[in-house]
Amino acid sequence: MDNLFSSAPGFDQPLAVLKHCHDRIRKQLTTLDKLLEHLPEQGADEQARQAAFAVLRYFSDAAPLHHEDEECDLLPTLEATAQGEDAALLQQLLPRILQQHAEMATLWANLERQLKAISLGVSAVLAESDIAQFKEIYFDHMHTEETQIAPMAKRIFSAAQMATLGSAMQERRGIPTQA
């Protein structure tokens, strides 16, 4: 019988966990698109309320943890480890990555208000332009991390650094480590 968590990688593979988070973000962004199409015809019906609640839960709970994984552990470890061309590339990318986190948080605050109203059934309005901006920043951000940051970490991190990253991510989520 399949384990309920069989599709999610373990924290012994922290870069795979981060990629899995990106996949979940993409799924929630797709839900936002579907919700945008659904609302004008169906209003804030049960399906819309459930979809809004799912997006709210993900971007209010899981996404901030993901950003903390990057800001508190992944990126500082990369900065401490990278040399030469890697260090130069990081110097270029880090300000943009951190700025995108701030922009995502600002955009999320606006979307969160809209989605809360939908989840409560008191509104059927979701701003297409807000979703478009949110998606654009997230897709660019994930692309940079998947094509530049994660490959660099995979190449230059020691096994001990990977283990420390995975442990920090696990602890941040309140998941006990096995002794």
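Each remark here, short or long, concerns the structure printed above.
Read on for an overview of the structure. No experiment lies behind these values; they were computed from the predicted model shown.

### With respect to helix α3 (residues 84-119)
Phase 1: For α3, built from 36 residues, the straight-helix expectation of 52 Å at 1.5 Å per residue is met to within 8% by its first-to-last C-alpha distance of 49 Å.
Phase 2: Residue L93 marks the point of greatest curvature in α3, where the axis turns by about 30 degrees; the proline P95 follows within four residues.
Phase 3: Just past α3, the residue G121 takes up positive phi, approximately 80 degrees.

### Regarding helix α4 (residues 128-156)
Phase 1: When the terminal C-alpha atoms of α4 are compared, their 41 Å separation across 29 residues agrees well with the 42 Å that a helix rising 1.5 Å per residue should span.
Phase 2: Residue E145 marks the point of greatest curvature in α4, where the axis turns by about 40 degrees.

### Quick word on the packing of aromatic side chains
Phase 1: Taken as a whole, this structure holds 6 aromatic pairs when the rule is applied.
Phase 2: The interplanar angle of 70 degrees and the centroid separation of 5.1 Å between the aromatic rings of F59 and F134 together place this pair among those described as edge-to-face. One end of the pair, F59, is in helix α2 (residues 46-81); the other, F134, is in helix α4, with 75 residues separating them in the sequence.
Phase 3: Among the residues examined, F59 registers a relative accessible area of 4% and is labelled buried.
Phase 4: A residue is classified by how much of its surface remains accessible, and F134, at 1% relative accessible area, is buried.
Phase 5: A centroid spacing of 5.5 Å and a plane angle of 55 degrees characterise the contact between F59 and Y138, whose relative ring orientation is tilted. One end of the pair, F59, is in helix α2; the other, Y138, is in helix α4, with 79 residues separating them in the sequence. Accessibility assignment for this pair places F59 and Y138 in one class, buried.
Phase 6: Within the aromatic cluster, the residues linked to one another by ring pairs are Y58, F59, W108, F134 and Y138.

### Points about the environment of A88
Phase 1: On the secondary structure map, A88 appears in helix α3.
Phase 2: Look at A88 and you get partly exposed, because its relative accessible area is 42%.

### A word on the pattern of salt bridges
Phase 1: For the structure shown, the criterion picks out 12 salt bridges.
Phase 2: The salt bridge involving R172 is made with E68; its shortest N-O contact spans 3.4 Å. Highlighted residues: R172 in helix α5 (residues 159-172) and E68 in helix α2, separated in sequence by 104 residues.
Phase 3: A relative accessible area of 36% means that E68 is categorised as partly exposed.
Phase 4: The network of salt bridges with shared partners includes E68, D69, D73, R172 and R173.

### Overview of the state of the cysteines
Simply put, disulfide is the name for a covalent bond between the sulfur atoms of two cysteines.
Phase 1: One pass over the full model with this rule turns up 0 disulfides.
Phase 2: The cysteine C21 is free of any disulfide, with C72 supplying the nearest cysteine sulfur at 14 Å.

Cut-off values and rules
- Residues numbered from 1 in each chain as written.
- Predicted model: local features only at pLDDT ≥ 70, side-chain atom pairs only at ≥ 80, totals over all residues.
- Heavy atoms only, no water.
- Helix = DSSP H or I, 4+ residues; strand = E, 2+ residues; numbered from the N terminus.
- Expected span 1.5 Å × (residues − 1).
- Bend = angle between axes of the 7 residues up to and from the residue.
- Phe/Tyr/Trp six-rings, centres within 6.5 Å; stacked < 30°, edge-to-face > 60°.
- Buried < 20%, exposed > 50% of the residue type's maximum accessible area, 1.4 Å probe, protein only.
- Salt bridge = Lys/Arg side-chain N within 4 Å of Asp/Glu carboxyl O.
- Disulfide = S-S within 2.5 Å.

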